[in-house]
Amino acid sequence: MADTESLLDPAMVYSLVAELKGVFPKLRDHPALVRSTTLEIIDLCQGDKNWTREQQLHWLLDAMRRKWRRWQSIPAIVELFETRFRDPRKPATTYPGLGPKPSIDCERCSDNTHFQNESREIVWCSCEAAIRMRAQCPDYVDMLNRINKMRASSKKK
Ligand SMILES: [Zn+2]
């Protein structure tokens, strides 16, 4: 699953998120929000049995436009996504209704290509899927760590 094919093109997602500036003025004033939203959406929209990554992306952007009167937050994006899809970062056991998760090749990272170490830092796995992803998107894990740091600091406020 989590090979390079399972990620959306960051430049494409970024330009679509930037278009939301027309609907959500807050995005105009906070370019970092556009970046972090882009990364979150790439991480969320990995496709599933019935939906491609692009279909999930367009569903999500459309739902934000239709349902939000003003800009909300990254966790709200995840919640919105979860009204329709499974968050690919959560273990399948938290979704008993969806049946067993398809078999995975790498037990260490569950084919996510990365995992959290004891100091809660996200690190690359060493499996084949991770090596491919790393070649394609070398900054990916750094970006995830940055998002986590931003989340942690916004929780403290
Ligand atoms: Zn792995």
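Residues numbered from 1 in each chain as written. Predicted model: local features only at pLDDT ≥ 70, side-chain atom pairs only at ≥ 80, totals over all residues.

Undergrad: Would you take a moment to explain the overall build of the chain for this structure?
TA: Helix and strand counts for the chain come out as seven helices and two strands. Starting at the N terminus, the α and β elements of the chain follow one another as α-α-α-α-α-β-β-α-α. Sorting the 157 residues of the chain into buried and exposed places 24% on the buried side. The long-range fraction of contacts in the chain, counting pairs at least 24 apart against all pairs at least 6 apart in sequence, stands at 49%. (Helix = DSSP H or I, 4+ residues; strand = E, 2+ residues; numbered from the N terminus. Buried ≥ 20, exposed ≤ 12 C-beta atoms within 10 Å, placed from the backbone. Contact = placed C-beta atoms within 7 Å.)

Undergrad: Looking at this structure, I do not really get the nonpolar core. What am I missing?
TA: Most often, soluble globular proteins have nonpolar side chains that are buried together. Grouped together as the largest cluster of nonpolar side chains are 15 residues, with contacts concentrated most on Leu8, Val13, Ile41, Ile42, Cys45, Leu57 and Leu60. Only helix H1 (10-19), helix H3 (31-44), helix H4 (53-67) and helix H5 (74-82) provide two or more residues apiece to this core. Grouped together as the second largest cluster of nonpolar side chains are eight residues, Cys109, Cys125, Met133 and Tyr140 included. (Core = buried A, V, L, I, M, F, W, Y, C linked by C-beta atoms within 7 Å.)

Undergrad: Help me out: how do you make sense of H3 in this one?
TA: Note on helix geometry: an α-helix contains 3.6 residues per turn, so any two residues three or four positions apart are oriented the same way. Helix length check: H3 (14 residues) gives 20 Å between terminal C-alpha atoms against 20 Å at 1.5 Å per residue, within 8%. Among all positions of H3, only Leu33, Thr37, Thr38, Leu39, Glu40, Ile41, Ile42 and Leu44 are buried. (Expected span 1.5 Å × (residues − 1).)

Undergrad: Is there a simple way to think about the packing of H3 against H5 in this case?
TA: In a packed pair of helices, the relevant descriptors are the angle between the two axes and the axis-to-axis distance. Put simply, H3 and H5 touch, their axes get as near as 10 Å, and they point 25° apart. Comparing their axes, H5 and H3 come out roughly parallel. Every pair of crossing elements has a handedness; the one defined by H3 and H5 is right-handed. Contact residues: Ser36, Thr37, Glu40 and Leu44 in H3; Ile74, Ile77, Val78 and Phe81 in H5. For the contact of H3 with H5, the residue count by class is five nonpolar, two polar and one charged. (Axes fitted to C-alpha atoms, helices over the stretch in contact; angles between N-to-C directions. Parallel < 35°, antiparallel > 145°, perpendicular 65-115°, else oblique. Left-handed = near helix turned anticlockwise from the far one by under 90°. Nonpolar A, V, L, I, M, F, W, Y, C, P; charged D, E, K, R; others polar.)

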